[in-house]
Amino acid sequence: MQKTIVAYKGFDKDMSCKSFRYEVGKTYKHDGDLKMCYSGFHACEAPFGVLSYYPMGAGNQYALVELFDVSDEKEGDTKRVAKLITIKASLSIPALIKAQVEWTIKSADKKNIATGNSGHAAATGNSGHAA
């Protein structure tokens, strides 16, 4: 298990998830085994990952969280499960978008951009350059 990761969580309009109500600034502990989608506290490493579970609209809420004692278990997206969760801050839609842009830039493997057998690069204009 990892120690701590920063992640993003979605909620219903009353800050609840699966009938459990959360509050900003509080830490919650799960007793028992962790199982993706079944037990433990869930959040996504990618900010927009939460939109698969809590789409924009209908009053859904979003938050920046910290997960502690994170399981190594992963699904096809960036969803993670942990023993402890701290709800750090509520996020507006613009803040969630900004977080996604920052996460994407940080997560990009800059060594492999436009290289290899399928690499593509394009540039136009009088001073366009591509390598």
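Now for a look at the structure at hand.

What counts and what doesn't
- Residues numbered from 1 in each chain as written.
- Predicted model: local features only at pLDDT ≥ 70, side-chain atom pairs only at ≥ 80, totals over all residues.
- Heavy atoms only, no water.
- Helix = DSSP H or I, 4+ residues; strand = E, 2+ residues; numbered from the N terminus.
- Buried < 20%, exposed > 50% of the residue type's maximum accessible area, 1.4 Å probe, protein only.
- Contact = heavy atoms within 4.5 Å.
- Areas by Shrake-Rupley, 256 points an atom, 1.4 Å probe, with all protein chains shown as cover.
- Salt bridge = Lys/Arg side-chain N within 4 Å of Asp/Glu carboxyl O.
- Phe/Tyr/Trp six-rings, centres within 6.5 Å; stacked < 30°, edge-to-face > 60°.

This next bit is on the overall build of the protein chain. A tally of regular secondary structure across the protein chain gives one helix and seven strands. When the helices and strands of the protein chain are read in sequence order from the N terminus, they spell out β-β-β-β-β-β-β-α. Expressed as a percentage of the 131 residues in the protein chain, the buried residues total 33%. Taking the contacts inside the protein chain whose residues are at least 6 apart along the sequence as the reference set, 70% of them involve residues at least 24 apart. Surface accessibility of the protein chain: about 8,400 Å² in total, with carbon and sulfur atoms responsible for 52%.

Positive phi is not limited to glycine here, since Met15 has a value of about 65°. By the secondary structure assignment, Met15 is in the loop between β1 (2-11) and β2 (16-17). On the basis of relative accessible area, Met15 is assigned to the buried category, the value being 14%. Even without being glycine, Ser19 reaches a positive phi, approximately 70°. Mapped onto the elements, Ser19 comes out in the loop between β2 and β3 (20-21). The exposure class of Ser19 is exposed, given its relative accessible area of 77%.

In this section: the pattern of salt bridges. Applying the stated criterion across every chain, the model contains five salt bridges. For Lys26, the salt bridge identified is with Glu23, shortest N-O distance 3.7 Å. Linking Glu102 and Lys98 is a salt bridge whose minimum nitrogen-to-oxygen distance equals 3.1 Å. Here Glu102 and its partner Lys98 are both found in helix α1 (residues 93-107), four residues apart, which amounts to about one turn of the helix. On the accessibility criterion, Lys98 (53% relative accessible area) is exposed.

Below, the discussion takes up the side chain of His30. Structurally, His30 can be placed in the loop between β4 (27-29) and β5 (41-44). Its relative accessible area of 17% is what places His30 among the buried residues. Ignoring any residue separated from it by four or fewer positions in sequence, one finds His30 in contact with Ser39, Gly40, Phe41, Ala82 and Lys83.

The next point concerns the packing of aromatic side chains. Using the criterion set out here, one finds six aromatic pairs in the structure. When the centroid spacing of 4.9 Å and the interplanar angle of 65° are considered together, the rings of Phe20 and Tyr22 count as edge-to-face. Relative accessible area serves as the criterion here: at 36%, Phe20 is assigned to the partly exposed category. Connected via pairs of aromatic rings, a cluster forms that spans Phe11, Phe20, Tyr22, Tyr28 and Phe41.

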